[in-house]
Structures are given as C-alpha cells and as structure tokens.
Amino acid sequence: RVNATVTRLNLLRNKFTVDGAQLLVEAAQAKGDQIKTLIGIYEGQTSTGTSLVSEHFGDADAVLIAFDLSVNATVTSLNLYCNDIGNVGAEDLAGALRVKATVTRLDL
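## Re helix H3 (residues 87–99)
Then, number 1: With 13 residues, H3 should cover 18 Å at 1.5 Å per step; its first-to-last C-alpha distance of 19 Å lies within 8% of that length.
Then, number 2: For H3, the complete set of buried residues consists of Gly89, Leu93 and Ala96. Relative to the axis of H3, the buried residues are bounded by an arc of 60° and lie together on one face. Looking at H3, the residues exposed on the side facing more than 90 degrees away from the buried face are Asn87, Glu91 and Arg98.
Then, number 3: Taken together, the buried residues of H3 touch helix H2 (59–71).

Spelled out as structure tokens, the structure:
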C-alpha cells in the first residue's frame, strides 16, 4: 500500500475550459496549502523567466497561473508576452496580483 501526497502539478498546455481550470483551482484550494503549484513553479523560484513567452496560453492557463501567483510568494517577475490570454484570464491574473504584491515586473 502506498500513501503519496501530491504537492506539485504542471497542468499547462492542456485543453481545459476556463470552467475546468477554475474547478481544478477550487480543488487545489480545498486541500489547504498542500498543493504548491498547478503550473510547475517550484517553491523558492523567484522568476518564471522567459519560459512562459509565446506558449499560446489562453484564459484557462491564466486561471492556473493566477493560482500559482496567489500561493507562491517568491515569484517577482512574470513574462507572459505573446500569449492568447483574454479578458477572463486577465481578470484572474489581476485578482492574484491584488493578493500577492511580490510580483514587481509583469510583461504581457
């Protein structure tokens, strides 16, 4: 018998709907602080660098990124340039940025 605890997931580049991504975020939030990332940002990582540039991320991906921003206090720089994030994703990102003021640079 194995008892494992999942703490990190990378769910980017899937074909979730925004509603599906929001359900995943709600499930992660229901686990308290057990889930540390839904997009693969590691604890202590201070910048996502250019790895999120031109990835064709959409609103559902932005919902997942927003979750990580809200739980990871070490991210200070986020570059989402040249993606397909619309109003819904931007609203989620803005909400996360209101909660965590550690992001000092955001490129869209």
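## Details of unusual backbone geometry
Then, number 1: Of note in this structure, Ser54 is not a glycine but carries a positive phi near 55°.
Then, number 2: With respect to the helices, strands and loops of the structure, Ser54 is situated in the loop between helix H1 (18–30) and H2.
Then, number 3: With relative accessibility at 37%, the residue Ser54 sits in the partly exposed group.

## Quick word on the side chain of Asp61
Then, number 1: Within the fold, Asp61 resides in helix H2.
Then, number 2: For the buried Asp61, no salt bridge is present, and the opposite-charge side chain at shortest range is Arg13, 7.5 Å distant.
Then, number 3: Reaching out from Asp61, the side chain makes a polar contact with the backbone nitrogen of Arg13 at a distance of 3.3 Å.
Then, number 4: Side-chain polar atoms of Asp61 contact the backbone nitrogen of Gly58, separated by 3.1 Å.
Then, number 5: Those residues in contact with Asp61 that sit more than four places away from it in its chain are Leu12, Arg13 and His56.

Basis of the calculations
Residues numbered from 1 in each chain as written. Predicted model: local features only at pLDDT ≥ 70, side-chain atom pairs only at ≥ 80, totals over all residues. Heavy atoms only, no water. Helix = DSSP H or I, 4+ residues; strand = E, 2+ residues; numbered from the N terminus. Expected span 1.5 Å × (residues − 1). Buried < 20%, exposed > 50% of the residue type's maximum accessible area, 1.4 Å probe, protein only. Arc of directions from axis to C-beta. Contact = heavy atoms within 4.5 Å. Lys, Arg positive; Asp, Glu negative; His and termini not counted. Salt bridge = Lys/Arg side-chain N within 4 Å of Asp/Glu carboxyl O. Polar contact = N/O pair within 3.5 Å; in protein donor to acceptor, adjacent residues only side chain to side chain.

No statement about biological role is implied by the geometric values presented.
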